[in-house]
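Below, each chain spelled out in residue letters.
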Amino acid sequence: MLTKKQHQLLLFIRDRVARDGVAPSFDEMKEALELQSKSGIHRLIMALEERGFLRRLPHRARALEVIKVPDSMAERPHERGPERGFTPNVITGNFSGAMPGASVKASAPQESIDLPLYGKIAAGTPIEALRNPTEHIGVPGALLGTGEHYALTIDGDSMVDAGIMDGDTVIIKRCDVAENGAIVVALVDNEEATLKRLRRKGDTVALEPANKSYETRIFGPDRVRVQGRLVGLLRRY
């Protein structure tokens, strides 16, 4: 089934390609659908691709091909609310400063919340993470509680035994403290971010992988800052 916005966008692209021979720009699509950001258009296009209605042609700018249009009542638009699909993206970000997220109150399961996607985080060796708060993904509200949340894309396999795979998108609740054993985003020496299980003992902090091929790293208490706690995971097959 298509949402109303998906249906509108598909027909708009079809008509513009037929008229001009080229697909409209993201700005034109955003204006036509009266959306606030181009990230919303991106999600709609990806959803139409996944459903087999639209195809993006590689190595060509603004190259969209409409494969089919809805021809049955089951595929016509319906009033379900915002698009809920998502596609993980790797975006540069900066964890060394403040990390604004989406502040969420208790949400109904049917709602979709736009979360900032702060980029690629190593689940193996820590990497420097840079911030770009202009990219967002839609996340089912059922995954979120109260507070501020953001999303990260996993790069690496050190957390596979915890069910976190390379390429997964993890949902993080922003916080600066976490209980022993929680999986957290940890900032090491104010410049490297990693996703690990947190263990504290005395004056030491251990960042523990969930893969026997990796070693637990031990730090002094002043070298590690918690940037958030894992609360959800999204995976695309």
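Just so it is clear, the structure is predicted and the values come from calculations on it, not from any experiment.

Caption draft 1: Highlighting the overall build of the protein chain. When you go through the protein chain residue by residue, the secondary structure sums to three helices and 14 strands. Across the protein chain, the fraction of contacts at a sequence separation of at least 24, relative to all contacts at a separation of at least 6, is 65%. About 12400 Å² of surface is accessible on the protein chain, with carbon and sulfur atoms providing 48% of the total.

Caption draft 2: How the structure looks around the pairing of strand E11 (residues 192-201). Strand direction decides the pairing type here: strand E10 (residues 183-188) and E11, joined by six bridges, are antiparallel. The partner of leucine 187 across the bridge, within E11, is alanine 193. Pairing geometry for E11 and strand E12 (residues 204-208), over five bridges, is antiparallel. Residue pairing across strands places arginine 197 opposite glutamate 208, the latter belonging to E12. Connecting E11 to the next strand, E12, in antiparallel fashion are two residues, including glycine 202 with a positive phi near 60°.

Caption draft 3: Just helix H1 (residues 4-20), in detail. For H1, built from 17 residues, the straight-helix expectation of 24 Å at 1.5 Å per residue is met to within 8% by its first-to-last C-alpha distance of 24 Å. Of the residues making up H1, those classed as buried are Gln6, His7, Leu9, Leu10, Ile13 and Arg16. In the stretch just after H1, glycine 21 is the one whose phi turns positive, near 80°.

Caption draft 4: The arrangement of helix H3 (residues 38-50) in detail. Here H3 contains 13 residues, and its C-alpha end-to-end distance of 19 Å stays within 8% of the 18 Å for a straight helix at 1.5 Å per residue. Glycine 52, located one to two residues past H3, shows a positive phi value of around 85°.

Caption draft 5: Up close: the packing of H1 against H3. Where H1 contacts H3, the two axes come as close as 10 Å, and the packing angle between them is 85°. As the angle between them shows, H1 and H3 are arranged roughly perpendicular. The residues of H3 that touch H1, namely those facing Lys5, Gln6, Leu9 and Leu10, are Ile41, Leu44, Ile45, Ala47 and Leu48. In the contact of H1 with H3, the residues fall into seven nonpolar, one polar and one charged.

Caption draft 6: Looking closely at the confidence of the model for the protein chain. Across the protein chain, the average pLDDT comes to 75, with 74% of residues at or above 70. For the protein chain, strand E4 (residues 77-78) is the element with the lowest average pLDDT, namely 41, and E12 is the one with the highest, namely 94. Confidence over residues 72-100 falls short of pLDDT 50; this stretch has 99 contacts with residues more than four positions distant or in other chains. A low-confidence stretch, residues 104-110 stays under pLDDT 50, and its non-local contacts, those more than four residues away or across chains, total 17 contacts.

Caption draft 7: Looking closely at unusual backbone geometry. Phi angles above zero are rare outside glycine, and glutamate 34 is one such case at about 60°. Among the structural elements, glutamate 34 can be located in the loop between helix H2 (26-33) and H3. Backbone geometry places aspartate 189, a non-glycine residue, at a positive phi of 55°. Of note, aspartate 189 is situated in the loop between E10 and E11. The partly exposed category is assigned to aspartate 189, whose relative accessible area is 35%.

Caption draft 8: Inspection of the environment of histidine 7 at higher detail. Looking at where histidine 7 falls in the secondary structure, it is placed in helix H1. In this structure, the C-alpha to C-alpha distance between histidine 7 and proline 70, residues 63 residues apart in sequence, is 8.0 Å.

Caption draft 9: Structural view of the pattern of salt bridges. One pass over the full model with this rule turns up seven salt bridges. Across the pair glutamate 28 and arginine 16 runs a salt bridge, and its minimum N-O distance is 3.3 Å. Linking glutamate 28 in helix H2 with arginine 16 in helix H1, this pair joins segments that are 12 residues apart in sequence. Note on glutamate 28: relative accessible area 30%, which makes it partly exposed. For arginine 16, a relative accessible area of 15% puts it in the buried group. Close ionic contact of lysine 38 with aspartate 27 constitutes a salt bridge, the shortest N to O distance being 3.9 Å. With a gap of 11 residues between them, lysine 38 in helix H3 and aspartate 27 in helix H2 connect regions that are remote in the sequence. Residue lysine 38 is classed as partly exposed on the basis of its relative accessible area, which comes to 40%. For aspartate 27, a relative accessible area of 44% gives the class partly exposed.

Reading the values: rules and limits
- Residues numbered from 1 in each chain as written.
- Predicted model: local features only at pLDDT ≥ 70, side-chain atom pairs only at ≥ 80, totals over all residues.
- Heavy atoms only, no water.
- Helix = DSSP H or I, 4+ residues; strand = E, 2+ residues; numbered from the N terminus.
- Contact = heavy atoms within 4.5 Å.
- Areas by Shrake-Rupley, 256 points an atom, 1.4 Å probe, with all protein chains shown as cover.
- Pairing = 2+ DSSP bridges.
- Expected span 1.5 Å × (residues − 1).
- Buried < 20%, exposed > 50% of the residue type's maximum accessible area, 1.4 Å probe, protein only.
- Axes fitted to C-alpha atoms, helices over the stretch in contact; angles between N-to-C directions.
- Parallel < 35°, antiparallel > 145°, perpendicular 65-115°, else oblique.
- Nonpolar A, V, L, I, M, F, W, Y, C, P; charged D, E, K, R; others polar.
- pLDDT = per-residue confidence, 0-100.
- Salt bridge = Lys/Arg side-chain N within 4 Å of Asp/Glu carboxyl O.

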